[in-house]
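Structural description and commentary
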Amino acid sequence: MALARAFADPVHDAQQTFRAVMNALARPGTLQPVAGLTGAPAPLSPVAAAVAVALADYETPLWLDGRLAAAPDVAAWLAFHTGARIGAAPSQAAFALVADAGILPDLAGFAQGTDVYPDRSTTLIVQVAELGPIASAAMRVRLAGPGISGHATLAVSCLPADIADRLAANHALFPRGVDLVLAGPEGVAALPRTTRVTLVEA
Amino acid sequence: MTVHQTASGYNFAYLDEQTKRMIRRAILKAIAIPGYQVPFASREMPMPYGWGTGGVQVTAAILGSGDRLKVIDQGADDTTNAVSIRKFFEKTSGVETTTHTADATIIQTRHRIPEKTLTADQVLVYQVPIPEPLRFLEPRETETRVMHALEDYGLMHVKLYEDIATHGHIATTYAYPVKVEDRYVMDPSPTPKFDNPKMNDCAALQLFGAGREKRIYALPPHTKVVSLDFEDHPFEPTKFDHACALCGATHTYLDEVITDDAGGRMFVCSDTDHCEERRAEGHRGELLGEAPAAIAGAAE
């Protein structure tokens, strides 16, 4: 019996997934394609699984939201493929995986970094059902800040209605604050702490 | 392009996967906090500190098999540092390399920014010797960290003011400090100040790696980068009184080259690719006719 694999080609698949996340953070609001890991156990999405496997290891404590933590297969799969410590307190987590974006926990509960070391903050990987330039998505947000020439628009589903206010509070902490990587079905888009987010009225 | 035989026994692009993940995580935080220096666990590389170990580690962490890599030492593709780093990646990753700015997806540099405007499809990786702009004003890392946290940059303005008091103008010509998005003061690496304006609102992602000092920092595309100055002493990029002796360019950064022991000298483009391209387009500098065939022939 063959050993279970995450990436078929661990070196190059991890590089391509990282590059997509890097481009997403460098250009907030753009959708960067990621080939998902179809072997990931539900409710962990294939794209979120690929991002986690590409970036997490024994140095990065992971926090799982209620829905992911309720599925024992998810923690076992992540522990096997990344070696990361699962179930860290949110304030200690390097990465937080969120399957239930609608009840996104208080962002202030995650590691915010310090004024001297603002990089020591949590990166949230948030699963969403729709992402990108999709007209039917429940929510459209307008983005501005570093990485964006003028402004950008992103269509996204599943996020709570007050997300713009919560991200504004996160942005106000700069240089401290968390960064969000949104994992859609086909790829990722990111909302780093530098991005100013406003809701576009439908 | 040539396909290179890669050395066996090494992982793709030399670094092991755990090291790459550590560097990649630092790069992501650097992008999220433009101009802030993220500490990272810099590895010993098969080249000495000062030869670009920071840039090499950043390039190795982002490089993929589909990339085309260009490496420049100042503006040149053909000097020792550029050639050896290019060969290092040919040997350890097998990626395509190029000297043409427009063809490259990743450009590693010490420390110039190419004359050709960079695009959104490119990443510029800087090799950085001393990432801390306040280091020569305050030697203690604990203090400079707090100064950045408190946005306490008065000392830097005093330094620039002392330049004016002593020389009548701001005499810093390279590693000229910049302020990023109105927050962090950043060392642009010892880039000639001629190139500082190209950092502002650049379409390409810019990544900075300091191996010995173990720091990574970044400028996302379209980030506001302002060279520090005073209202009555505004920042001025270097200007040249000469045109390039080989291609006649008047808008590029020039190197002064001594040509004999009798005071003879010439000024030529530091960006060799840009200069070759201009010569290929038929631009001729005043000394091109006297140049050896290897150079003059590039115009054919």
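Above this text sits the structure in question.
First, a word on what this report is: a plain description of the structure on this page. Note that the coordinates shown come from a computational prediction; the quantities given were computed from them, not determined experimentally.

This paragraph deals with the sheet that holds strand E6 (residues 139-144) of chain A. Residue and element names in this part refer to chain A. The four strands lie next to each other as E5-E7-E6-E10, forming an open sheet whose pairing is antiparallel. Strand pairing shows two members of the sheet lacking a second neighbour, strand E5 (131-132) and strand E10 (196-200), which therefore form its edges. Of the pairings in the sheet, the one linking E6 to strand E7 (residues 152-156) comprises five bridges and is antiparallel in character. Pairing of Met139 across the sheet is with Val156, part of E7. Its contacts with the sheet put helix H5 (residues 163-172) on E6 and E10, and the angle it makes with E10 is roughly 165 degrees.

Residue and element names in this part refer to chain B. Applying the stated criterion across every chain yields a total of eleven aromatic pairs over all chains. Between the aromatic rings of Tyr36 and Tyr184, the centroid separation amounts to 5.7 Å while the plane-to-plane angle is 50 degrees, which identifies the pairing as tilted. Within this pair, whereas Tyr36 is found in the loop between helix H1 (17-32) and strand E1 (38-39), its partner Tyr184 is found in strand E7 (residues 184-186), the two being separated by 148 residues in sequence. We classify Tyr36 as buried; its relative accessible area is 3%. For Tyr184, a relative accessible area of 1% translates into the label buried. Considering the side-chain rings of Phe240 and Tyr253, the 5.2 Å spacing of their centres and the 85 degrees angle between planes classify their relative orientation as edge-to-face. Here the residue Phe240 occupies a position in the loop between strand E10 (225-227) and strand E11 (254-258), and Tyr253 occupies one in the loop between E10 and E11, the gap between them amounting to 13 residues.

Right, let's talk about the nonpolar core for a bit. Grouped together as the largest cluster of nonpolar side chains are 89 residues, with contacts concentrated most on Met22(A), Leu44(A), Leu97(A), Val188(A), Ile27(B) and Leu207(B). Contact partners of Met22(A), with chain neighbours within four places excluded, come to Ile27(B), Leu28(B), Ile31(B), Ile62(B), Val123(B), Leu205(B) and Leu207(B). By size, the runner-up hydrophobic cluster in this structure holds 28 residues, among which are Ala96(A), Leu107(A), Val141(A) and Ile148(A).

Further remarks concern the interface of chain A and chain B. The interface is formed by 39 residues belonging to chain A together with 42 residues belonging to chain B. Interface of chain A and chain B: buried area, both sides summed, is about 3,100 Å²; carbon and sulfur atoms make up 63% of it. Summed over the three residues of chain A that lose the most area to chain B, namely Phe18(A), Arg27(A) and Asp119(A), the buried surface amounts to 17% of that side. Remark: the boundary between chain A and chain B carries five salt bridges. The shortest N-O distance in the salt bridge between Arg25(B) and Asp57(A) comes to 3.2 Å. Where chain A packs against chain B, one counts 17 residue pairs in polar contact (both at pLDDT 80 or more). For the side of chain A that touches chain B, the elements supplying multiple residues, two or more each, are helix H1 (10-26) and helix H2 (46-55) of chain A. Of the residues assigned to the side of chain A that touches chain B, the class counts are 22 nonpolar, nine polar and eight charged.

We now examine the packing of H1(A) against H1(B). Axis separation between H1(A) and H1(B) bottoms out at 10 Å; the angle between their running directions is 5 degrees. Relative to H1(B), the element H1(A) is oriented roughly parallel. Across the interface between the two elements, Pro10(A), Val11(A), Ala14(A), Gln15(A), Phe18(A), Val21(A), Met22(A), Leu25(A) and Ala26(A) from H1(A) touch Glu17(B), Lys20(B), Arg24(B), Ile27(B), Leu28(B) and Ile31(B) from H1(B). Each residue belonging to the contact of H1(A) with H1(B) can be placed in one class, and the counts come to eleven nonpolar, one polar and three charged.

As a further point, take unusual backbone geometry. A negative phi angle is the norm for most residues apart from glycine, just as the trans form is the norm for most peptide bonds. Residue and element names in this part refer to chain A. Across the junction of Ala42 and Pro43, the peptide omega takes the value 5 degrees, indicating a cis bond. You can see Pro43 is positioned in the loop between strand E1 (32-33) and H2. Note that the residue after Phe174, namely Pro175, is joined by a cis bond; omega there is 10 degrees. Mapped onto the elements, Pro175 comes out in the loop between H5 and strand E8 (179-183).

Per the counting criterion, the structure on display carries two cavities of 30 Å³ or more. Taken as a whole, the largest cavity holds about 70 Å³ of empty space. Lining the largest cavity, in full, are Val116(A), Gly35(B), Tyr36(B), Gln37(B), Glu132(B), Glu141(B), Arg145(B), His148(B) and Tyr184(B). The biggest single contributor to the lining of the largest cavity is helix H4 (residues 141-149) of chain B, with three residues. Classifying every residue of the lining of the largest cavity gives three nonpolar, three polar and three charged. Looking at the second largest cavity, its volume works out to about 30 Å³. Taken together, Val141(A), Val156(A), Leu159(A), Ile163(A), Leu167(A), Leu182(A), Leu191(A) and Val197(A) make up the lining of the second largest cavity. Across the lining of the second largest cavity, the residue classes break down as eight nonpolar, no polar and no charged.

Turning our eyes to something else, we now look at the layout of surface pockets. The computed volume of the largest pocket comes to approximately 590 Å³. Around the largest pocket, the lining is made up of 26 residues, and of these Ala94(A), Asp119(A), Arg120(A), Arg25(B) and Lys29(B) lie nearest the centre. Elements supplying a minimum of two residues to the lining of the largest pocket: H1 and E1 of chain B. By residue number, the principal contributor to the lining of the largest pocket is H1(B), which donates six residues. Of the residues belonging to the lining of the largest pocket, the class tally is 14 nonpolar, five polar and seven charged. In terms of lining, the second largest pocket is formed by 19 residues, of which the most central are Pro133(B), Phe136(B), Tyr174(B), Ala175(B) and Asp187(B). Taken together, the residues that form the lining of the second largest pocket break down as 13 nonpolar, three polar and three charged.

Moving on, we come to the pairing of E8(A). Residue and element names in this part refer to chain A. Summarising burial for E8: five of the five residues are buried, a large majority. Side chains Asp179, Val181 and Ala183 project from E8 onto one buried face, and the interleaved Leu180 and Leu182 project onto a second face that is buried too. Bridging between strand E4 (residues 123-127) and E8 involves five bridges; their strand directions are parallel. Across the sheet, Val126 pairs through a bridge with Leu182, a residue of E8. Bridge count for E8 against strand E9 (residues 187-191) is four bridges, and the pairing is antiparallel. Bridge pairing links Leu180 to Leu191 in E9. Hairpin remark: E8 followed by E9, antiparallel, with three residues in the connecting loop.

Conventions adopted
Residues numbered from 1 in each chain as written. Chains lettered and ligands numbered in written order. Predicted model: local features only at pLDDT ≥ 70, side-chain atom pairs only at ≥ 80, totals over all residues. Heavy atoms only, no water. Pairing = 2+ DSSP bridges. Helix = DSSP H or I, 4+ residues; strand = E, 2+ residues; numbered from the N terminus. Contact = heavy atoms within 4.5 Å. Axes fitted to C-alpha atoms, helices over the stretch in contact; angles between N-to-C directions. Phe/Tyr/Trp six-rings, centres within 6.5 Å; stacked < 30°, edge-to-face > 60°. Buried < 20%, exposed > 50% of the residue type's maximum accessible area, 1.4 Å probe, protein only. Core = buried A, V, L, I, M, F, W, Y, C linked by side-chain atoms within 4.5 Å. Buried area = accessible area lost by both parts, 1.4 Å probe. Salt bridge = Lys/Arg side-chain N within 4 Å of Asp/Glu carboxyl O. Polar contact = N/O pair within 3.5 Å; in protein donor to acceptor, adjacent residues only side chain to side chain. Nonpolar A, V, L, I, M, F, W, Y, C, P; charged D, E, K, R; others polar. Parallel < 35°, antiparallel > 145°, perpendicular 65-115°, else oblique. 1 Å grid on protein atoms, 1.4 Å probe; cavity = no way out; pocket = protein on both sides within 12 Å on 5 of 7 lines; lining within 4 Å. Points joined across faces, edges and corners; volume = space filled by probe spheres on them.

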